[in-house]
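Structural features, examined
What follows is each chain in one-letter form.
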Amino acid sequence: MTLSLTVEDARTLWAAAAERALAAPGMTLADVLDTIGPREDPSIADCIAMLTAPAALPGCTLDGYEVLDPDMGLAPAQIIQLPTQPLLRAALG
């Protein structure tokens, strides 16, 4: 799967990624800053990875996930493990 996008507002992207990160148990603002950088100078690839990382699939283990910026030659963003939401029985029926 390939997804191509243009970041139009890095601060808005950072805010959404920070909100997602802070939802993880035990995550602090210091952890957020270490993971995605400060709002004034965000790590775009890490912010995108935070927001687009695939959810866990039952019976599967995620082997790899990369967010690359070909224009900047950035290293792949790391997989960020977030808590998974249990499936609702109503959604299955």
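Before any of the text, the structure's been laid out above.
Figured I'd write up the structure that's included with this text. (Residues numbered from 1 in each chain as written. Predicted model: local features only at pLDDT ≥ 70, side-chain atom pairs only at ≥ 80, totals over all residues. Heavy atoms only, no water.)

**Considering the overall build of the protein chain**
Inclusion rule: What counts as a helix is a DSSP run of H or I of at least four residues, what counts as a strand is a run of E of at least two, and both are numbered from the N terminus. In what follows, residue pairs with any heavy atoms lying within 4.5 Å of each other are defined as contacts. Where accessible areas are quoted, they stem from the Shrake-Rupley method and a 1.4 Å probe; at the residue level, only the protein chains shown are allowed to cover.
Per the secondary structure count, the protein chain includes four helices and zero strands. Ordered by position from the N terminus, the helices and strands of the protein chain form the series α-α-α-α. Sequence-distant contacts in the protein chain: of pairs separated by 6 or more residues, those separated by 24 or more amount to 48%. Of the roughly 7,100 Å² that the protein chain leaves accessible, carbon and sulfur atoms contribute 55%.

**Focus: the packing of helix α1 (residues 10-22) against helix α2 (residues 29-36)**
The geometry of a pair of packed helices is captured by two quantities: the angle between their axes and the separation between those axes. What counts, and what does not: The axes used here are C-alpha line fits, helices contributing only the stretch in contact, and every angle between their N-to-C directions lies in the interval 0 to 180 degrees. Angles are sorted into four bins: roughly parallel if under 35 degrees, roughly antiparallel if over 145, roughly perpendicular if 65 to 115, and oblique for all others. With the far helix as reference, a near helix turned anticlockwise by less than a right angle produces a left-handed crossing, and one turned clockwise produces a right-handed crossing. Classification convention: Asp, Glu, Lys, Arg as charged; Ala, Val, Leu, Ile, Met, Phe, Trp, Tyr, Cys, Pro as nonpolar; all other residues, Gly among them, as polar.
Relative to each other, α1 and α2 sit at 130°, their axes nearing to 10 Å. Put simply, α1 runs oblique to α2. For the element pair α1 and α2, the recorded crossing hand is right-handed. Residues W14, A17, A18, A21 and L22 of α1 pack against L29, V32, L33 and I36 of α2. Of the residues assigned to the contact of α1 with α2, the class counts are nine nonpolar, no polar and no charged.

**Some points on the nonpolar core**
Let me state the cut-off plainly: Put simply, a nonpolar core is a bunch of buried Ala, Val, Leu, Ile, Met, Phe, Trp, Tyr and Cys residues held in one set by side-chain atoms that sit within 4.5 Å of each other. Each residue gets one of three labels from its accessible area relative to the maximum for its type: buried under 20%, exposed over 50%, partly exposed in between, using a 1.4 Å probe on protein chains only.
Grouped together as the largest cluster of nonpolar side chains are 14 residues, with contacts concentrated most on W14, A17, A18, V32, I36, C47 and V67. Contributing elements (two or more residues each) for this core: α1, α2 and α3 (44-52). Aside from chain neighbours lying at most four places away, what touches C47 is L13, W14, A17, I36 and P42.

**Some details on the packing of α1 against α3**
At their nearest, the axes of α1 and α3 sit 9 Å apart, and the two run at 50° to each other. What the angle tells us is that α1 and α3 run oblique. Judged by the twist between their axes, the crossing of α1 over α3 is left-handed. In contact with A10, L13, W14, A16, A17, R20 and A21 of α1, α3 contributes I44, C47, I48, M50 and L51. Residues of the contact of α1 with α3, tallied by class, amount to eleven nonpolar, no polar and one charged.

**Considering the environment of E19**
Considering the arrangement of structural elements, one finds E19 in helix α1. On the accessibility criterion, E19 (60% relative accessible area) is exposed.

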